[in-house]
Each structure stands twice: as C-alpha cells, then as structure tokens.
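# Fold and contact review
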Amino acid sequence: MDYFLQQTLNALSIGGEYALLALGLAIVFSVMGLVNFAHGELITLGGYAMYFTLLFAGPPVALLIPVCILGAMLAAVAFDKVAFRPVRNAPPTTGLLTAFGVSIIIQNILVIFVATRARPVPTPDWMRGNFMVGELSIPVLQVLEFAVTCLALAGLLLLLNRTVVGLAMRAAAKDFVAVRMVGIKANRVIMTAFAVSGVLAGIAAVFIISRRGAVDPFMGFIPLLKAFVACVLGGFGSLLGALVGGIVLGCVEVFLQVVLPPDIAGYRDAFVFLLVGLVLVLKPEGLVGKRAELGDKEE
Amino acid sequence: MTTILEVRSAVVRYGAITAVRNVDLSVDRGEIVAVLGPNGAGKTTLVSAIAGILPLTQGSMHFDGQDITRLGIEEIVRRGMSLTPEGRRVFADLTVRENLVLGGSSQTDRALFEQDMQRMFEMFPILHERSKSPAKTLSGGEQQMLAIARSLMSRPRLLLLDEPSLGLAPRIVDQIFRLIDELRRDGLTILVVEQNAAEALAFADRAYVLNVGEVVYAGTSAEVAASDDLAEHYLGGQLS
Ligand SMILES: Nc1ncnc2c1ncn2[C@@H]1O[C@H](COP(=O)(O)OP(=O)(O)O)[C@@H](O)[C@H]1O
Ligand SMILES: [Mg+2]
C-alpha cells in the first residue's frame, strides 16, 4: 500500500510536470499555429538564470525560484519578439525552422560561453527530504509539484475566462483576424501566449532542476520531447488534451518503471512511445480530441 | 457636409488576381452609402481593404482627413471605423457578453464601457436574454445582431457592414435594415455592402455599383433604383 501510494504520487507529480510543459506548447500553437520546438530552451534558460543569479548575486536559494520562472517568461517573450514576429506571416514551415534555429543557437551559445558540462544549481532545503504522514514517508518535492501544477492550472483557467486578453486568446485560436477587428492588437495576444508558456515552463523547470541538481545546455530536449508526445497523445491543439496527455504520459512512465523487469527497464521510453503509437492508431485525434469550447485550435 | 471616408484609385490584388480596380469612393458624415454588385464583384475585398484587413496595392484612403492607407486593422478600429464582417464571425465559443467585452476592449473608460454594454442590451433585448449563452447557440439573425453590437461597442463613427442580410429570413432582414436606419438617426455613418439591392436602396442615400472590381455606376439611391439597365445587368433583375 505504502509503495502504491508513493508511486501514485510520483506519477501525478511527473504527469503534472509534463502537463505544464504540454500546455505551454499547446497554448502557443492554438493562438498562432506554431509548434515551438524551442520550448525546451525555456527550461534551460530558466535554469541558467538561476545559475548566473547565484554566481553573481548569491541570494538566498529560495529566491532562485522566482528568478527561474521570470527568466523563462522573459526568454519566451524574447523568442517571440526577436525570432517569431519577423516570420509571423510566413508559411508554417518557416516558423518551425525558426524554432529549431532558436533552439540550436541557444544551446550553442551556452556551450561556447559557459560550458558543455553540467553546472550545479542548489535546491532550497525545504523542497528536499520527506515528511511523515502516519507510517508513510512522502517526498516534499512531489506533493509540492502536484499542488503547484494545480495552482498553475487554476491561474490559467482564470486568465482564459476572466481577462480580456485571455478571452482574446481563446477567440484568436479560431479567428485571429476577427480578434484584430475589435481593435485588440495581435502582438499583445501572441506575446501573452508566449509569456504564459514561459511561466508554465519556468515552473516545470524549478522542479526539473531540483531533481537533477544541475543545468546543462541540452537539458531542454527531453522535456520538450515529453511535452510534444503529451500534446500528440491528448490531441494536438487542445488545451484539455495537453493536460490529459501530460498526466497520462507521466502515469504510464511511472507504471512501466514499476512493472518492467530491471534488465529491460532501460528501454522504458521505447515502450512508452510504442503505447502512444498504439493510441494514435486507435484514436488518431488523440485521447481528448478537439474541444472547441475550450478555445482549441481548429484547422 | 463633410467627407468622413475618401478612397482614391484603390487597387487590391490577391497574387495575380486583381479583385478591386481603381475604385474611387467617398462617404459623407451621416450618410448611408450602399455598395452593390453581383457575387464576386469585389465588394468584400473593398471593405476589407478599407478596414485595414487587406493592404491596398495602389491608391490611398483617408478617414476624417487623416491618411489611413497603411494602418493596421487594430489602429483603424481605434480611430473610429469598425467592420461587421461578412459571415458575422462572432466568437463562437465565447458567451454573448464575452463577445461584447472583446468588442469594447479598446474602451479605457470603465463607466463608458458599462454604459455601452447597457445600451447594446437595450437595443438588442435578445442579446441581454442570451448574455450567458455561447454565441454559437444563437440563431443566424441573433448572431448578426451580436456581430453588429460587437462592432458598436468600439464606438465607431463609421460602421462598415458586409452583407448583414446574408442568409437571413426576410422578417429578420427587415429588422436588420430598420436597425441600420435607427443607427443612422443616432448619427452614425454607415457603409453597407449588399447583394440584396432592393432592400439596401430603400435605406441608402447613395450607392456604388461594383462589377468585376470596378465601379460601373455611382449615384443617389433613386437614380440607381430607376435604372433598368443597372438592375438587369448587375443587380439581379427587378428593384421595385
Ligand atoms: N483570398 C482570396 N484569394 C484569391 N482570390 C480571392 C480571395 N478572396 C476573394 N477573391 C476573388 O476576388 C474577387 C472578389 O471577391 P469578393 O471581394 O469576395 O467579392 P464579393 O464580396 O463582391 O462577392 C472574386 O473573384 C474572388 O474569387
Ligand atoms: Mg462578399
């Protein structure tokens, strides 16, 4: 029982992390039809923002958390301004290539000017360790991650339903020109979508980095891959799909980790992708499919 | 009377296709001006260009004496011109109220915004009744009213209407045209695109007849209505 509960919590926290990343990808896609393959670099840059802040300013470790989130958000906004805005009206493949370009450039800048090797980034003490509930020993990090994911989701829902720019984002997913026709600036809507994706990536980055304890230039790739798979699994372009896809992916991973014999556990990801492929054969539109009422992208 | 909109030698192309050729058009303050013509004449292209949705390939546009030729959609709305597009294009998944909120989002004065919202609900009681329903659950006529109300929320001085009667039952069409007349009496200037020439001419002061991207006739509504030639060639037969 103890073991089962721990693994469930583990699955929820990993799933929540994937969901945050997938939602960021999905929200940018729904507003501007771009699959931002540089999304993983937001995590990397959030991480390096922590690293450099610590190096040069040396604040209390807890302060690094907002630095990471802010860093990822600013990076996302900068990607939009510098890289994506100039190609906004170009064909979709141009946007895709731009995203790959951004990703490669960021990785190489970090390799050249910092180092290829990983750099340590500490985690506040209170995020580590376990707490006891009766007989159960529960890792603080996992509970925190799941709780923060829920909070972030609540915030996202509020934004999408209660603010002008949020309503505009939902409307823009279907008819961007009509949104501009009421005088709402396209730049404002798209910048907000990027900022949101950055904040979500930054939150995920805090947890990713506290697990690994270090940052390196290529650390964004695997999370990006997971986010992409989660989006595809849930139904690309759907926000609910990204959420469900992320949670399901996390659960499947943890489940396989538990049941696979140790000598083939190393191939876990291969099994995961096999399962995802199977889902897509059976349900090509993804687990959730399109939910237009949530402002999902419709082609 | 003073001119509010002046379009000179406007040319609009889609790649190799020229959809609007050398169009001159002006609208005076307080007028209702109709743009008529058969399907594919370039009417939507023309009003889209005026609203800033499509760029002019050649020519110029002035609104209230200011050059708006190269302004984007958002800026043109903020200057006081608003388009209710063909096909209505309401925000289908948002509620009626949310549609109006976005319509009035350029209004920075909270009190004026609430006042406008109230005014829309008085003008369109059905929108008040359905204010919490998603726009896609409204009937075609109700959606058209919502689209017009959404445009009005930005307090335009010139309202562009692209085929407001398209696909609506005759009773609803009458209602929409009565509304247009009412808006004019409140001091709004209106440029209305219509295929429904007879209805439009009954309300408009002047009309432009477009065919294959060119203005083939411009005159008062009475003149256009009286011309059997125009009716037969461009306006789908009998006008009265
Ligand atoms: N997006 C587009 N791309 C290419 N051609 C277009 C496009 N939209 C309209 N056209 C062409 O431009 C011409 C005018 O169309 P439109 O302005 O929609 O006419 P109307 O509104 O009078 O029916 C038509 O020949 C139409 O086929
Ligand atoms: Mg048309």
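Everything below is about the structure shown above.
Values in this document were obtained by computation on a predicted structure and should not be read as measured data.

About the thresholds
- Residues numbered from 1 in each chain as written.
- Chains lettered and ligands numbered in written order.
- Predicted model: local features only at pLDDT ≥ 70, side-chain atom pairs only at ≥ 80, totals over all residues.
- Heavy atoms only, no water.
- Contact = heavy atoms within 4.5 Å.
- Buried area = accessible area lost by both parts, 1.4 Å probe.
- Salt bridge = Lys/Arg side-chain N within 4 Å of Asp/Glu carboxyl O.
- Helix = DSSP H or I, 4+ residues; strand = E, 2+ residues; numbered from the N terminus.
- Nonpolar A, V, L, I, M, F, W, Y, C, P; charged D, E, K, R; others polar.
- Axes fitted to C-alpha atoms, helices over the stretch in contact; angles between N-to-C directions.
- Parallel < 35°, antiparallel > 145°, perpendicular 65-115°, else oblique.
- Near = heavy atom within 4 Å.
- Polar contact = N/O pair within 3.5 Å; in protein donor to acceptor, adjacent residues only side chain to side chain.
- Areas by Shrake-Rupley, 256 points an atom, 1.4 Å probe, with all protein chains shown as cover.
- Donors = N, O, S within 2.8 Å, 3.2 Å for Na, K, Ca; no water.
- Buried < 20%, exposed > 50% of the residue type's maximum accessible area, 1.4 Å probe, protein only.
- Pairing = 2+ DSSP bridges.
- Core = buried A, V, L, I, M, F, W, Y, C linked by side-chain atoms within 4.5 Å.

### Quick look at the interface of chain B and chain A
Every contact between the two is made by 20 residues of chain B and, on the other side, 20 residues of chain A. Of the roughly 1900 Å² buried between chain B and chain A on both sides combined, carbon and sulfur atoms contribute 61%. For the pair chain B and chain A, the interface holds 3 salt bridges. Residues A:Asp175 and B:Arg89 are paired through a salt bridge, measuring 2.8 Å at the closest nitrogen-oxygen approach. Broken down by secondary-structure element, the contributors of at least two residues to the side of chain B that touches chain A are helix H2 (73-78) and helix H3 (96-103) of chain B. Grouping the constituent residues of the side of chain B that touches chain A by class yields 10 nonpolar, 3 polar and 7 charged.

### Points about the packing of helix H1 (residues 2-32) of chain A against helix H9 (residues 221-234) of chain A
All names here are of chain A. As a packed pair, H1 and H9 sit with axes 8 Å apart at the nearest point and diverge in direction by 75 degrees. When the axes of H1 and H9 are compared, the pair comes out roughly perpendicular. Packed against H1, whose contacting residues are Tyr 18, Leu 21, Ala 22, Leu 25 and Ala 26, the element H9 presents Pro 223, Leu 224, Lys 226, Ala 227, Phe 228, Ala 230 and Cys 231 at the interface. Each residue belonging to the contact of H1 with H9 can be placed in one class, and the counts come to 11 nonpolar, no polar and 1 charged.

### Some remarks on the site of ligand 1
Residue and element names in this part refer to chain B. Lining the immediate surroundings of ligand 1 are Tyr 14, Ile 17, Ala 19, Pro 38, Asn 39, Gly 40, Ala 41, Gly 42, Lys 43, Thr 44 and Thr 45. Contact between ligand 1 and Ala 41: an oxygen atom at 3.1 Å from a main-chain N or O atom of the residue. Thr 44 places a polar side-chain atom, nitrogen or oxygen, 2.7 Å from an oxygen atom of ligand 1. Within the complex, 61% of the 550 Å² of free accessible area of ligand 1 lies under protein. For the shell around ligand 1, the elements supplying multiple residues, two or more each, are strand E2 (17-28) and helix H1 (43-50). Among the elements that take part in the shell around ligand 1, H1 stands out by supplying 3 residues, more than any other. For the shell around ligand 1, a count of residues per class yields 5 nonpolar, 5 polar and 1 charged.

### Thoughts on the coordination of the magnesium ion (ligand 2)
Residue and element names in this part refer to chain B. For the magnesium ion (ligand 2), the full set of protein donor atoms is Thr 44 (OG1) and Glu 86 (OE), and the range of their distances to it is 2.0 to 2.3 Å. One end of the pair, Thr 44, is in helix H1; the other, Glu 86, is in the loop between strand E6 (81-84) and H3, with 42 residues separating them in the sequence. With a relative accessible area of 25%, Thr 44 lands in the partly exposed category.

### A few points about the sheet that holds strand E1 (residues 3-14) of chain B
Residue and element names in this part refer to chain B. Taken in spatial order, the 4 strands of this open sheet run E2-E1-E4-E5, and their pairing is antiparallel. Strand pairing shows two members of the sheet lacking a second neighbour, E2 and strand E5 (66-67), which therefore form its edges. In terms of strand pairing, E1 meets strand E4 (residues 58-63) through 5 bridges, oriented antiparallel. Residue pairing in the sheet places Glu 6 in a bridge with His 62 of E4.

### A closer look at the nonpolar core
In this structure, A:Val189, B:Leu36, B:Leu102, B:Ile148 and B:Ile190 are the most contacted members of the largest nonpolar core, which totals 131 residues. The element that contributes the greatest number of residues to this core is helix H8 (residues 186-212) of chain A, accounting for 15 residues. With sequence-adjacent residues up to four places away left out, B:Leu102 is seen in contact with A:Val164, A:Leu167, A:Ala168, A:Ala171, A:Val182, A:Ile184, B:Phe91 and B:Leu94. Residues B:Ile73, B:Leu83, B:Leu160 and B:Leu191 belong to the second largest nonpolar core, which totals 33 residues.

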